[in-house]
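Coordinate inspection notes
Letter by letter, the chains look like this.
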Amino acid sequence: MKVWVPADAAARACGADEVASAITAAAKQRGVTVELIRNGTRGMVWLEPLVEVETPEGRRAFGPMTPEDVTALFDAPDSHPKAQGLTEEIPFFKRQTRLTFARCGRIDPLSLMDYEAEGGLAGLRAALARPPAEIVEEIVASGLRGRGGAGFPTGIKWRTVLGAKAAQKYIVCNADEGDSGSFADRMLMEGDPFCLIEGMAIAGLATGATQGYVYIRSEYPDAIRVMRAAVEAATRAGILGADVMGSGRAFRMEIRVGAGAYVCGEETSLLNSLEGKRGVVRAKPPLPALEGFMGRPTVVNNVLSLAAVPWIMAHGGAAYNAIGINRSRGTIPLQIAGNVKHGGLFETGFGITLGEIVTEIAGGTASGRPIKAVQVGGPLGAYHPVSEFDLPFCYEEFAGQGGLVGHAGMIIHDEGADMLALARFAMEFCAIESCGKCTPCRIGAVRGVETLDRVAAGDPTALPLIEDLCNTMQLGSLCALGGFTPYPVLSAIRHFPEEFTPMREAAE
Ligand SMILES: Cc1cc2nc3c(=O)[nH]c(=O)nc-3n(C[C@H](O)[C@H](O)[C@H](O)COP(=O)(O)O)c2cc1C
Ligand code: SF4
C-alpha cells in the first residue's frame, strides 16, 4: 500500500503529522506494509490533511483527515466519509494549468529520482546545450514577468546581467514572501525544491553568475530545512558545484535566513540584509542588475519567476507565451485565502476573471454571507468590490483599475468587513514596517493612522487630508511600501464611501 501524507507546513498545521503517525500505527497493528511518503501539498488547503492512496486508476484522495479517520482508510476505503475520489479529478485541481506546480504534491520533494521521472532536469539539460545569450532570449520570448510583485520582464533583467562585465555575478532568489495571503513560494520550496534549484542554475548559466543565494524568511522553518537538504543533495549529485552536470560550468548555492521585516522583501533592502547590513532600501540607480550583492551584477528574482524557468527551457519560450492575455503571459499561481470556502493554490493562465476565481473556483465565502471585497496583491493591493468581478486577471487590467496583481495573493472578505478599519490597518502596517529612509512613508503612514482615526471620530475635515496624503505618498516615496499603501486606502474610500462618513451622515 502506497500512501502520501503532505509534510507541507499548512498540512502540518492542520494535523498531518498526527495522521501520518496514526497510519503507521494502524498498518503495524494490521500487519500491512505501507510505504508512507511525505509529499508537498496539492494546494487544496481546505482538504488538508489530504491523504492519498495509490490505486490502479490513480491516486485517491481522503480529506480533511483526522487520526480517527484512519481506521476506515484500511477497513472500508470505498465508503470512507472523507473520500474525495481521484485527486486529479477534483474540480479545483482539474481546472488548473499546472506548469510551475506540476510536480508539487506528486513527488517526494527530496527524491531526485522522482524529480527526474516527472520531467525534472530537462530544462537544465536544454540550457547546457545552448550559449548564454540563447538561454536569455528564450526567457525573453516566453514573456515571463517577475512574479514577486513588480512584474518586470525576467529575460530583460537577465540580459542586463549577462551584458555586465564583472569577475563575479550572483543570482539571488527572493523567498521573503511577506505579503499577507501569499504562500506559493513556501509551497514550491517545500514541495518541489529541486525546481527552484534548477531554475537558479539555469539563471546562472544564462548570465555568467556562479553563486546563488536563496533568502528565506525565518518564519518558514520547514522551507528552510527542505531547501537546505535539497541543495546538499543536488551538490552531491553534481547538479550544483564546480562542474554542473559534467559541463565544466560552475554554480553553487547557499540558503540564507532573513530576520523578518516586510521591507526586506524589497530587493535592495534584501541585498543589504544579505550583506549583513540593516534592511534599508537603497536608492536606484544603480540597478541591482549592475551593482547588486556586494556591488556586483546580480539577478534578483522571486521564487515563482525562477521556478517557471525549467518548464520554459524544456518546452520553449513560445509554448509558455501561448498562454495568457495582453502582456501577461504564461501561468500565475493564485493564492486564495481569507473568508473563503475553498482556499488554496490555483495555477492558471492569465485572463481568468476575478469573479470566476472567487465565486466558482473558491466557492464564495466560508461564512456563507455575500462577498464584499477582495484584496489582491498583498497588503499594498487594492480592494475590489463585486462590481469589478469581470476584471480579467492580468497585470494591465489590474493596473487600469488602480490595483495590482503583485504576488497574486488574494484575501476575500464578506459583508461584515469594516473598510475603514481595513484602510487604517494598511496605514498602520506601513508605519510599522517602514524602513524609515524617506519622509512620505515614515511620517506619512503615522499621520495616515491618526487622520483615519479622525475620520472614524466623525471629523469632516479629515477625509480630504487622507486623499492629499495618499497623493504625496504615491508620488514621493522611494519604494512601493510607501508608494502603494494608498492603493488599499483609496480603493476602500472609492468603493465604500459611506463607511468613511458615518458620523457626518448621522449629524446631517
Ligand atoms: C515593500 C516590498 C516588499 C517586497 N516583498 C517581496 C517579497 O516578499 N518577495 C518578492 O519576490 N518580491 C518582493 N518585492 C519585490 C522585489 O523588490 C523585487 O521586485 C522582486 O524580488 C524581483 O523579482 P521578480 O522580478 O522575479 O519579481 C517587494 C517589494 C517591496 C517594495
Ligand atoms: S517608502 Fe518606506 S520602506 Fe520604502 S524607502 Fe521609503 S521609508 Fe523605506
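As the structure is a prediction and not an experimental result, all values here were calculated from the model. (Residues numbered from 1 in each chain as written. Chains lettered and ligands numbered in written order. Predicted model: local features only at pLDDT ≥ 70, side-chain atom pairs only at ≥ 80, totals over all residues. Heavy atoms only, no water.)

This part is about the packing of helix H19 (residues 444-456) against helix H20 (residues 462-476). Running from N to C, H19 and H20 cross one another at 160°; their axes reach a closest spacing of 9 Å. Of the possible angle classes, the one that applies to H19 and H20 is roughly antiparallel. Taken as a pair, H19 and H20 cross one another with a handedness that is left-handed. Listed contacts from H20 to Gly 444, Ala 445, Arg 447, Gly 448, Thr 451, Leu 452, Arg 454 and Val 455 of H19 are Ala 462, Leu 463, Leu 465, Ile 466, Leu 469 and Met 473. Of the residues in the contact of H19 with H20, the class split is nine nonpolar, three polar and two charged. (Axes fitted to C-alpha atoms, helices over the stretch in contact; angles between N-to-C directions. Helix = DSSP H or I, 4+ residues; strand = E, 2+ residues; numbered from the N terminus. Parallel < 35°, antiparallel > 145°, perpendicular 65-115°, else oblique. Left-handed = near helix turned anticlockwise from the far one by under 90°. Contact = heavy atoms within 4.5 Å. Nonpolar A, V, L, I, M, F, W, Y, C, P; charged D, E, K, R; others polar.)

Quick look at the nonpolar core now. Within the largest apolar cluster, 64 residues are counted, with the highest numbers of intra-cluster contacts made by Trp 158, Met 189, Leu 196, Ile 197, Met 200, Val 214 and Ile 216. In terms of residues, this core owes the most to one element, helix H10 (residues 193-207), which gives 10 residues. Ignoring anything within four residues of it in the chain, the contact list for Trp 158 reads Val 136, Ile 139, Ile 202, Ala 203, Ala 206, Thr 207, Val 299, Asn 301, Leu 306 and Val 309. If you look at the next biggest cluster of nonpolar residues, it comprises 36 residues, including Tyr 383, Leu 452, Cys 470 and Ile 493. (Core = buried A, V, L, I, M, F, W, Y, C linked by side-chain atoms within 4.5 Å. Buried < 20%, exposed > 50% of the residue type's maximum accessible area, 1.4 Å probe, protein only.)

Among the secondary structure elements, Thr 365 is positioned in the loop between helix H15 (354-361) and strand E14 (371-376). In this structure Thr 365 comes out as buried when scored by relative accessible area, which is 4%. Among the polar contacts listed, one links the side chain of Thr 365 to the side chain of Ser 367, at a separation of 3.4 Å. Here the side chain of Thr 365 touches Arg 369 through a polar contact of 2.6 Å, landing on its backbone oxygen. Aside from chain neighbours lying at most four places away, what touches Thr 365 is Asn 339, Val 340, Lys 341, Pro 370, Ile 371, Ile 412 and Asp 414. (Polar contact = N/O pair within 3.5 Å; in protein donor to acceptor, adjacent residues only side chain to side chain.)

Taken together, 20 residues form the shell around ligand 1, and within it Gly 148, Asn 174, Asn 301, Asn 302 and Ser 305 come nearest. Asn 301 places a polar side-chain atom, nitrogen or oxygen, 2.8 Å from an oxygen atom of ligand 1. For ligand 1, whose free accessible area comes to 610 Å², the fraction covered by protein is 92%. A per-element tally of the shell around ligand 1 places strand E9 (residues 298-302) first, with three residues. Grouping the amino acids of the shell around ligand 1 by side-chain chemistry returns five nonpolar, nine polar and six charged. (Near = heavy atom within 4 Å. Areas by Shrake-Rupley, 256 points an atom, 1.4 Å probe, with all protein chains shown as cover.)

The buried fraction of strand E13 (residues 344-349) amounts to six of the six residues, a majority that puts the element mostly inside the structure. In this sheet, E13 lies alongside strand E12 (residues 331-338) in antiparallel orientation, the contact comprising six bridges. Across the sheet, residue Leu 334 finds its bridge partner in E13, namely Phe 346. (Pairing = 2+ DSSP bridges.)

Looking at where Glu 266 falls in the secondary structure, it is placed in the loop between strand E8 (252-258) and helix H12 (267-274). An unpaired buried charge is present at Glu 266: no salt bridge exists, and Lys 284, the closest side chain of opposite charge, is 4.2 Å distant. A polar contact of 2.9 Å, which involves the side chain of Glu 266, links it to the backbone nitrogen of Ser 269. Leaving out residues up to four positions away in the same chain, Glu 266 has contacts with Val 281, Lys 284 and Cys 479. (Lys, Arg positive; Asp, Glu negative; His and termini not counted. Salt bridge = Lys/Arg side-chain N within 4 Å of Asp/Glu carboxyl O.)

Since the α-helix advances by 3.6 residues per turn, residues separated by three or four positions end up pointing in the same direction. The terminal C-alpha atoms of H10 lie 22 Å apart, and with 15 residues this matches the ideal 21 Å at 1.5 Å per residue to within 8%. The buried count for H10 comes to 15 of 15 residues, which makes it a mostly enclosed element. (Expected span 1.5 Å × (residues − 1).)

This paragraph deals with the pattern of salt bridges. The tally for this structure, following the rule as stated, stands at 36 salt bridges. In this structure, the salt-bridge partner of Glu 89 is Lys 94, at a minimum N-O distance of 2.9 Å. When salt bridges with common partners are traced through the structure, they connect Arg 42, Glu 52, Arg 59, Glu 88, Arg 106 and Glu 118 into a single cluster.

Quick look at the sheet that holds E9 now. Taken in spatial order, the four strands make up an open sheet running E8-E7-E6-E9, and their pairing is parallel. Either end of the sheet is taken by a strand with one partner, and the two such strands are E8 and E9. Across this sheet, the average inter-strand angle for adjacent strands is 20°, counted without regard to direction. With seven bridges joining them, strand E7 (residues 211-217) and E8 adopt parallel strand pairing. Residue Gly 212 lies in a different strand from E8, and its bridge partner there is Met 253.

Examined at the domain level, the protein chain breaks down into domain 1 (2-89), domain 2 (112-321), domain 3 (324-414) and domain 4 (419-507). Taken together, the contacts link 10 residues of domain 2 with seven residues of domain 4. Between domain 2 and domain 4, a total of about 690 Å² is buried, with carbon and sulfur atoms accounting for 74% of that surface. Interface area lost by domain 2 to domain 4 is led by Tyr 262, Val 263 and Val 281, which between them contribute 62%. (Domains from an automatic or database assignment. Buried area = accessible area lost by both parts, 1.4 Å probe.)

Attention now goes to the packing of aromatic side chains. For the structure on display, the rule yields 12 aromatic pairs. Ring geometry for Tyr 262 and Phe 429: centres 4.9 Å apart, planes at 70°, overall edge-to-face. With a gap of 167 residues between them, Tyr 262 in the loop between E8 and H12 and Phe 429 in helix H17 (residues 419-433) connect regions that are remote in the sequence. The same class applies to Tyr 262 and to Phe 429, which are both buried. What links up through ring pairs into an aromatic cluster is the set Trp 46, Phe 92 and Phe 346. Above the plane of the ring of Trp 4 lies Arg 59, whose end atom (NZ or CZ) is 3.5 Å from the centre. (Phe/Tyr/Trp six-rings, centres within 6.5 Å; stacked < 30°, edge-to-face > 60°. Lys NZ or Arg CZ within 6 Å of the ring centre and 35° of its normal.)

Burial analysis of E9 places five of its five residues in the buried class, which makes it a mostly covered element. Burial along E9 is two-sided: Thr 298, Val 300 and Asn 302 and Val 299 and Asn 301, pointing in opposite directions, are all buried. The pairing of strand E6 (residues 170-175) with E9 spans five bridges and is classified as parallel. Bridge pairing in E9 places Asn 174 opposite Asn 302.

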